[in-house]
Protein chains: 2
Amino acid sequence: MTKAEIISVGTEMTSGQTLDTNSQWLSQRLAESGIPVGWHTTLADDLEDCVAAFRTASARAGLVLITGGLGPTLDDLTREALARLTGADLIFHQESFDFIRQLFERRQRTMPARNRVQALFPAGAEPLPNPRGTAPGIWMKIGNAVIAAMPGVPSEMVGMFNDQVLPRLQQLGLAGGVIVRRKINCFGAGESAVEEKLQDLTRRGHVPEVGITVHDAIISLRILARAPTREEAERQIWPVEQTIRERLGTLVYGVEEEELHDALLRLLAARKLTISTAESLTGGMVAQRICQVPGASAFFMGGVIAYDNRIKQELLDVPAEMLAQCGAVSSQVAEAMARGCRQRLKTDLAISTTGIAGPGGATPTKPVGLVFVGLAWNGGERSLQYNWLGTRQEIQSRTANMALNLARLHLEKTGAGAPA
Amino acid sequence: MTKAEIISVGTEMTSGQTLDTNSQWLSQRLAESGIPVGWHTTLADDLEDCVAAFRTASARAGLVLITGGLGPTLDDLTREALARLTGADLIFHQESFDFIRQLFERRQRTMPARNRVQALFPAGAEPLPNPRGTAPGIWMKIGNAVIAAMPGVPSEMVGMFNDQVLPRLQQLGLAGGVIVRRKINCFGAGESAVEEKLQDLTRRGHVPEVGITVHDAIISLRILARAPTREEAERQIWPVEQTIRERLGTLVYGVEEEELHDALLRLLAARKLTISTAESLTGGMVAQRICQVPGASAFFMGGVIAYDNRIKQELLDVPAEMLAQCGAVSSQVAEAMARGCRQRLKTDLAISTTGIAGPGGATPTKPVGLVFVGLAWNGGERSLQYNWLGTRQEIQSRTANMALNLARLHLEKTGAGAPA
């Protein structure tokens, strides 16, 4: 099988000013298409170095993907280096020039004269259109190697790879068909527990591929299907997604980039219900996540941050005796905070958090990481306990997710009607 | 001047699984030492490819820094490739072996037999000790090139570069002396206003270098001094830091990684004062930042998130007539929120936020980005207005910083005693 080389051109990378993320992204896409990558090379803006590196690459690799060096300035040297290496002249391409000029016109700016060089291509090369910017790409062969030069701006590079380069690689039989991805997000069980339920799907060699990643106690299943067409890839994904959803049930809260607060607000909107928050341990994090969502103000009324026990009593009506007997970190106080918050703020639901975030504050019976989250609705209260391992920030963040999830599960269970 | 090449070895990078950040970090350090970097090369775990790349690098570069491929497994090939390229045997180094064995003993684990290969070095090479892990580094010459091979684990690589490699480069006269850095953080003025006050310092060629970066409206001045010794570098930095502090006055809130909430809590602790928060626009973000600091509970009592106007009235005693007349997004309401919060939560200070985070909610007179922050203390209230450009998250985050800064400035001005 042919090996690929990925080359990034730009002194901003060899000087350490900019981190090259294009090479990793392209490596992932090539790996998905079944093309192994043997080398990444990053070069300063130096013509001799570019010519030498392009020569080495086209001799040792069957596919060379170049990013960067296609801009209009004097230190953009990819065009010239490719021409120099192949001994070809740089030829003016009217269609590319017209497109660049129109781009400036649409932005109501005058095209600087120097942008004309972006319409020059080594003789025999094919221009790759770039609807996202002024730098067209270059598609050509050098010896036995296929060369694709793309802009260095990540968004332009990604678009050009997906729209222009990948289809050509597939046509040449270099890349194996179409890739479709699906991400399913879960909360409420450990990674190993989820993996156990899906071990027939996550084993190596399963088609489509199923991978598991974890972040802030959120477990994501990533399905990746390769097929000759998009339809076939989606036909692979569909039954696997259904199986995952059946086996995991309400552990699944959303797909793709959806977070727990997005899922909660979606359910609140569907049920036309309001919510408020009573936070100790998380100190405002639960509310702040809800408020990230545009339009949250229709369903989120507000909250109380009751860090001090006095505030728990005075603003949330937690009885002093309960605090003295059970301690602030207890299921009783978590439920009382939610109950008091719901009554004071007059919302349909209220959620609460209390616990020991550390590094200080632990007692012999209450270690760092012990947390309780509470929920109050018009039928009563409930709470959940957990003991996280992690840093102060991790404990706060995972507990915020726990509280959001408690409300989500309540809404999922109570169905489309009013909560029981 | 000699050019350097940085080589990363590992299929996890060419496959796109792992992003190589070592090359950027090393490029930055070399740039600071006055050594230009011509090439980054990333290789899969393949012996032939490693030998060929090391040969190319030692021919074109005067300094070759290699990371990765020094582990104990079969696909760790850097040692072997260096030996193969130079025709040297791999020689057992007792001292390195003893150190690796002791590392396992200290961790109360048995050393696997395969770790013995980590004590092998190409004949003539110098082992570089690694107190942070089992992989010693390799220091050698190939032709005219100086070679340093370091572990791929970033923390081990950073330690070895700073402790072993950089001093050797300085001794050889390749790297110019010692680098000392200082970061000074400001809030409360625009980047161009700060730059204007410091333009004699930030101009190219100034010694020491002074750079400006901005994140979330926090402006950081980065001073970088190069000198033969640490003392001399610090002597360069000191007067520049004093000049910056004199010219910027209370715009400066901290140094290095300190954030506004750290500075505020430091001042509250010094003055033995308590604070509470009344948030609309920021939805809990101000409180959540304060609660990130371990021990915040001694000075932060709690807060009210008054997203809905009803909550502003009922929990913060903002008069209904004021809300009707001035609107929730007004200096009057910001001050009333802070006053009500301070009284209800019985704290020395209270800070508040209100505004339009967008994307919806704008009116003809109140655009997206219009915000007010308020402060209440035992002598009254004040507020500040601003009009941010940015996304919902940016507007929320910058306004949270504005509120924290309003309290910080109050404490700075009122000195060590009780606030006036």
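What comes next is a walk through the structure.

Thresholds applied
- Residues numbered from 1 in each chain as written.
- Chains lettered and ligands numbered in written order.
- Predicted model: local features only at pLDDT ≥ 70, side-chain atom pairs only at ≥ 80, totals over all residues.
- Heavy atoms only, no water.
- Salt bridge = Lys/Arg side-chain N within 4 Å of Asp/Glu carboxyl O.
- Helix = DSSP H or I, 4+ residues; strand = E, 2+ residues; numbered from the N terminus.
- Buried < 20%, exposed > 50% of the residue type's maximum accessible area, 1.4 Å probe, protein only.
- Contact = heavy atoms within 4.5 Å.
- Pairing = 2+ DSSP bridges.
- Axes fitted to C-alpha atoms, helices over the stretch in contact; angles between N-to-C directions.
- Buried area = accessible area lost by both parts, 1.4 Å probe.
- Polar contact = N/O pair within 3.5 Å; in protein donor to acceptor, adjacent residues only side chain to side chain.
- Least-squares fit on C-alpha atoms with pLDDT ≥ 70 in both.

What about the pattern of salt bridges?
When their charged atoms lie close together, side chains carrying opposite charge are able to pair. This structure, assessed with the given rule, holds 44 salt bridges over all chains. Residue Glu412(A) is joined to Arg408(A) by a salt bridge in which the shortest nitrogen-to-oxygen separation is 3.1 Å. Taken together, the positions of Glu412(A) and Arg408(A), both in helix 15 (residues 392-413) and four residues apart, correspond to about one turn of that helix. Ionic pairing is found between Arg245(B) and Glu241(B), a salt bridge with its closest N-O pair at 3.1 Å. Taken together, the residues Arg245(B) and Glu241(B), both in helix 9 (residues 230-248) and four residues apart, mark about one turn of the helix. Judged by relative accessible area, which is 32%, Arg245(B) ranks as partly exposed.

Some words on the side chain of Ser96(A)
On the secondary structure map, Ser96(A) appears in helix 5 (residues 94-106). Ser96(A) has contacts with Ala119(A), Phe121(A), Pro127(A) and Pro136(A), leaving out every residue within four places of it along the chain.

Quick word on the sheet that holds strand 11 (residues 218-227) of chain B
Residues and elements named next belong to chain B. Pairing is antiparallel in the open sheet, where four strands are placed in the order 10-11-9-12. The open sheet has two edge strands with one neighbour each: strand 10 (209-215) and strand 12 (252-255). On average, adjacent strands in this sheet sit at an angle of 25° to one another, irrespective of strand direction. For strand 10 and strand 11, the ladder comprises seven bridges, and the chain directions are antiparallel. Its bridge partner being in strand 11, valine 210 is matched across the sheet by isoleucine 223.

A closer look at the interface of chain A and chain B
With 59 residues of chain A in contact, the opposing surface of chain B contributes 59 residues. Regarding the contact of chain A and chain B, the summed buried area is about 4,400 Å², with carbon and sulfur atoms giving 53% of it. Note that Asp49(A) is salt-bridged to Lys3(B), the shortest N-O span being 2.8 Å. Connecting chain A to chain B are 36 residue pairs in polar contact (both at pLDDT 80 or more). Where strand 2 (residues 37-43) of chain A and strand 2 (residues 37-43) of chain B come together, five bridges link them in antiparallel fashion. Bridge pairing links Leu43(A) to Trp39(B) in strand 2 of chain B.

Some remarks on the relation of the copies chain A and chain B
In this structure, two copies of a chain are linked by a rotation about an axis accompanied by a shift along it. Least-squares fitting of chain A to chain B yields an RMSD of 0.1 Å, with the superposition described by an axial translation of 0.1 Å and a rotation of 180°. In symmetry terms, the pair is related by a two-fold rotation axis. Comparing contact sets, 100% of the residues at the interface of chain A also lie at the interface in chain B, consistent with an isologous, same-surface contact.

Brief notes about the sheet that holds strand 10 (residues 209-215) of chain A
Two pairing modes exist for strands in a sheet, parallel and antiparallel, and in both the strands are linked by backbone hydrogen bonds. All names here are of chain A. Here four strands make up an open sheet; going across it, the order is 10-11-9-12 and the pairing antiparallel. Looking along the sheet, the strands with just one partner apiece sit at the ends: strand 10 and strand 12 (252-255). Neighbouring strand axes in the sheet, compared pairwise and without regard to direction, differ in orientation by 25° on average.

What to know about helix 4 (residues 78-86) of chain B
Of the residues making up helix 4 of chain B, those classed as buried are Thr78(B), Arg79(B), Ala81(B), Leu82(B), Ala83(B) and Leu85(B). Among the residues trailing helix 4 of chain B, Gly87(B) stands out with phi positive, at a value near 70°.

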